[in-house]
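# Results of the structural survey
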Amino acid sequence: MKHLSYESALESVRAAVREINDFRAEGDALSLDEDAVLFGDGSALDSVGLVQVVMAAEAQLADATGVELVLASEAAMSRKRSPYRSLRNLAEYAVEMAGADATV
Amino acid sequence: MVAERIELPFAGFGLRPAIVAADGVTVSYQELATKIDMYRARLRDRGVRPGSAVLLVGDYSPESCIWLFALWQEGCIVVPVVPGSGLAEDTYADVADVSWIVVARDDVLRSAAGQSAHPLYAELAQANAPGLVIFSSGTTGQPKGALHDVRRLMSKFSSSGKALRTLGFLLFDHISGIDTVLYTLLSGGVLVCTPSRNPAVVCRTLETRKVEVLPTAPSFLNMLIMSGEVENYDLSHLKIITYGGEMMAQPVLERVATAFPNAKLVQKYGASEFGALRSRSEGNNSRWITFDKRELDWRVRDGLLEIRSGTSMLGYLNAPSPFTEDGWYQTGDRVEIKGDKLRILGRDSDLISVGGQKVYPTEVEDALKTIPWVLDAVVYGQPHPMLGACVHARIQTKKPTAEQADLRRSLRKNLAARLETYKIPQRFEFTDAGLLTDRFKADRSATERKA
């Protein structure tokens with residue numbers, strides 16, 4: 001696949017959050033700030049909500065790059081530094097996964 | 001004169017039409033009776049003995065029906081399979097250990113490698129009863145062959161039913177297809193064959209042959225209405241539409257009721273294991289049904305429907321008996337009860353457990369189908385590392401060219417107003433192709449997720 005830059009990964013992740021915000025109650029909208037906590041302390045997101053964001057991000061990345069990345073996996077969940085902590089972490093993880101994909 | 005194994009009323013119906021073939025040629029009951037006798041003689045001449053398992057390759061046609069009844073009257077065990085079933089044909093022949101094969105369309109009767117040997121066949125032979133093997137199209141593993149005693153199956157048709165012109169639509173090798181043949185012909189009705197199951201062809205057949213009963217499946221009704229063909233034909237002869245075999249979505253039911261204001265809509269409930277049961281729908285717009293108490297007992301255990309019926313199969317040829325010790329069959333269908341009525345919610349095996357919360361695919365499909373640009377929707381579960389399972393939806397849309405993100409956004413917004421958050425699909429897939437399997441069931445078999 002073509003190289004996935006951090007900027008375009010973040011753009012896809014943000015688009016995913018916008019998708020999900022669209023149907024969340026107004027007070028529950030998720031922040032688009034790349035460093036705001038997405039999942040963890042102080043986050044309004046429950047596990048179903050997180051899966052919605054992650055899978056929407058997978059779909060957005062697939063729309064943008066044509067490649068299906070898997071962002072939810074046992075490996076991702078067991079990382080010391082969670083890729084779901086913030087939008088930045090998720091975008092970085094997507095870049096990493098895309099890179100791993102390119103070496104196959 | 002020796003009593004027949006099964007009593008057929010055909011000769012008594014005289015010159016009334018029995019079967020209208022796909023090409024329009026009509027066979028009378030008199031001819032049907034005469035030909036059955038001729039084919040019986042043929043079977044005896046060739047040395048086809050009572051108790052032989054015979055693969056009958058056929059679809060709705062005069063020939064298939066003649067073979068079916070001739071084989072039964074000779075005490076054979078019929079294993080129907082529709083032409084073009086590919087590998088299924090070999091599997092059925094193998095599991096049922098057939099020693100003869102009939103290809104109705106080509107007028108072929110030939111011997112096969114099997115021995116017609118099975119402990120359950122021996123039970124039938126003891127009772128001198130003809131048999132029927134129906135394979136259930138299970139979603140996993142090998143299809144299971146359910147062996148029926150034909151006399152038991154036919155017993156519910158002994159009270160003379162109404163003679164109606166009925167379309168042979170449901171598959172001939174399904175219990176519901178055999179049910180169509182039996183209830184039409186045993187009551188002196190007319191079995192109408194259609195050249196294909198394409199909506200336009202079906203509508204034309206309904207119009208030209210003045211069909212009164214259309215036994216079909218919810219997905220086909222959905223497709224029929226989507227096709228817009230209903231308006232192009234005079235379908236005013238249609239009195240009864242029966243549907244079954246899968247869940248009917250409430251919005252689809254309402255569209256069908258609107259499209260066919262003069263027809264009575266009846267939900268049928270049946271399975272390869274116990275036949276098609278007679279039931280009454282509460283109303284054209286209702287999915288609540290009552291069963292005929294004379295035909296079966298039912299009870300609900302842990303929310304799941306169990307049935308005990310005189311028309312139950314003897315057992316599976318290739319699987320352990322699914323009956324409880326006292327003869328109850330566990331359908332695996334989750335139901336709601338209201339007095340003596342019940343409503344089927346869906347198969348428990350289709351249930352998706354999202355982080356421990358239960359999602360019935362049909363409930364989500366119903367909600368999706370209320371959205372005008374959604375032509376059809378199939379919902380199924382997929383394993384997910386975070387939640388155990390997540391909800392996937394495959395959508396047939398009128399707008400395949402729209403941006404997928406916009407479609408997803410619009411769907412989620414729509415669903416959020418109707419469903420709890422965990423029921424909203426996490427993944428959407430869009431297609432402009434149909435979502436039905438070749439057996440007119442919504443295809444919930446998940447496509448493998450690309451790794």
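Keep in mind that what you see is a predicted model, and the values were worked out from it rather than measured. (Residues numbered from 1 in each chain as written. Chains lettered and ligands numbered in written order. Predicted model: local features only at pLDDT ≥ 70, side-chain atom pairs only at ≥ 80, totals over all residues. Heavy atoms only, no water.)

## Some thoughts on the overall build of chain B
Summing up its helical and strand segments, chain B has 11 helices and 27 strands in all. For 451 residues, the compact-globule formula gives about 22 Å, and the C-alpha radius of gyration of chain B, at 23 Å, lands near that figure. Overall size of chain B, expressed as C-alpha extent along the three principal axes, is 70 × 50 × 45 Å. Across the 451 residues of chain B, 56% fall into the buried class. The long-range fraction of contacts in chain B, counting pairs at least 24 apart against all pairs at least 6 apart in sequence, stands at 67%. If you sum the accessible surface of chain B, you get close to 19000 Å²; carbon and sulfur atoms cover 49% of it. Here chain B contributes 54 positively and 52 negatively charged side chains, and the mean placements of these two sets differ by 4 Å. (Helix = DSSP H or I, 4+ residues; strand = E, 2+ residues; numbered from the N terminus. Rg over C-alpha atoms; globule rule 2.2 N^0.38 Å. Buried < 20%, exposed > 50% of the residue type's maximum accessible area, 1.4 Å probe, protein only. Contact = heavy atoms within 4.5 Å. Areas by Shrake-Rupley, 256 points an atom, 1.4 Å probe, with all protein chains shown as cover. Lys, Arg positive; Asp, Glu negative; His and termini not counted. Charge placed at Lys NZ, Arg CZ, Asp CG, Glu CD.)

## Side note on the overall build of chain A
What chain A contains, in helices and strands, is four helices and zero strands. For chain A, the sequential pattern of α-helices and β-strands runs α-α-α-α. Taken against the 2.2 N^0.38 rule, which gives 13 Å for 104 residues, the C-alpha radius of gyration of chain A at 13 Å falls within 12% of a compact globule. Counting only C-alpha atoms and orienting by the principal axes, one finds that chain A spans roughly 40 × 30 × 20 Å. For chain A, the residues scored as buried account for 47% of the 104 residues in total. Looking at chain A as shown, the accessible area adds up to about 5000 Å², and 49% of this sits on carbon and sulfur atoms. Taking the average location of the 9 positive side-chain charges in chain A and that of its 18 negative ones, the two points are 6 Å from each other.

## A few points about the sheet that holds strand E26 (residues 388-397) of chain B
All names here are of chain B. Across the sheet, three strands lie side by side as E25-E26-E27; this open sheet has mixed pairing. Of all the strands in the sheet, just strand E25 (374-384) and strand E27 (427-431) have a single pairing partner and so form its edges. For this sheet the average axis-to-axis angle between neighbouring strands, irrespective of direction, equals 20°. With five bridges joining them, E26 and E27 adopt parallel strand pairing. Within E27, the residue paired with Arg394 across the bridge is Glu429. Packing of helix H10 (residues 361-369) onto the sheet brings it into contact with E25 and E26, and relative to E25 it is tilted by some 145°. (Pairing = 2+ DSSP bridges. Axes fitted to C-alpha atoms, helices over the stretch in contact; angles between N-to-C directions.)

## Observations concerning the pairing of strand E12 (residues 240-243) of chain B
Residues and elements named next belong to chain B. As paired elements, strand E11 (residues 213-216) and E12 share four bridges and run parallel to each other. When the bridges of E12 are listed, Leu214 appears paired with Ile241. Following the backbone out of E11, through helix H8 (residues 218-227) and into the adjacent parallel E12, one traces a crossover that is right-handed. Pairing of E12 with strand E13 (residues 264-267), which is carried by four bridges, proceeds in the parallel orientation. Bridging from a neighbouring strand, Thr242 pairs with Val266 of E13. (Right-handed = clockwise from strand over helix to strand, strands pointing away.)

## Focus: the packing of helix H2 (residues 47-65) of chain A against helix H11 (residues 404-416) of chain B
Packing of H2(A) against H11(B) leaves a shortest axis separation of 10 Å and a crossing angle of 155°. As judged from the angle between their axes, H2(A) and H11(B) are roughly antiparallel. Between H2(A) and H11(B), the contacting residues are A:Ala56, A:Ala59, A:Gln60 and A:Asp63 on the first element and B:Gln404, B:Ala405, B:Arg408 and B:Arg412 on the second. Split into classes, the residues belonging to the contact of H2(A) with H11(B) amount to three nonpolar, two polar and three charged. (Parallel < 35°, antiparallel > 145°, perpendicular 65-115°, else oblique. Nonpolar A, V, L, I, M, F, W, Y, C, P; charged D, E, K, R; others polar.)

## What about helix H6 (residues 175-185) of chain B?
Among the 11 residues that make up H6(B), nine are buried, leaving the element largely enclosed by the rest of the structure. The complete set of buried residues in H6(B) reads B:Ile175, B:Gly177, B:Ile178, B:Asp179, B:Thr180, B:Val181, B:Leu182, B:Thr184 and B:Leu185.

## Some thoughts on the environment of B:Gly24
Position of B:Gly24 among the secondary structure elements: in the loop between strand E1 (17-20) and strand E2 (26-28). Placed 255 residues apart in sequence, B:Gly24 and B:Ser279 show a C-alpha to C-alpha distance of 32 Å.

## Re the confidence of the model for chain A
For chain A, per-residue confidence averages 86 on the pLDDT scale, and 94% of positions sit at 70 or higher. Considering each helix and strand of chain A separately, the mean pLDDT is smallest for helix H3 (residues 74-77) of chain A, with a value of 82, and largest for helix H1 (residues 6-21) of chain A, with 94. (pLDDT = per-residue confidence, 0-100.)

## Quick look at the domain arrangement of chain B
Residues and elements named next belong to chain B. Split into domains, chain B comes out as domain 1 (1-348) and domain 2 (351-431). Each of domain 1 and domain 2 has a C-alpha centre, and these two points are 34 Å apart. Between domain 1 and domain 2, the residue contacts involve 13 residues of the former and nine residues of the latter. A per-residue breakdown of the area domain 1 buries against domain 2 is headed by Met226, Pro251 and Asp348, which together make up 38% of the total. Seen at the junction of domain 1 and domain 2, the total is one salt bridge. Asp366 is paired through a salt bridge with Arg287; the nearest N and O atoms lie 3.4 Å apart. (Domains from an automatic or database assignment. Buried area = accessible area lost by both parts, 1.4 Å probe. Salt bridge = Lys/Arg side-chain N within 4 Å of Asp/Glu carboxyl O.)

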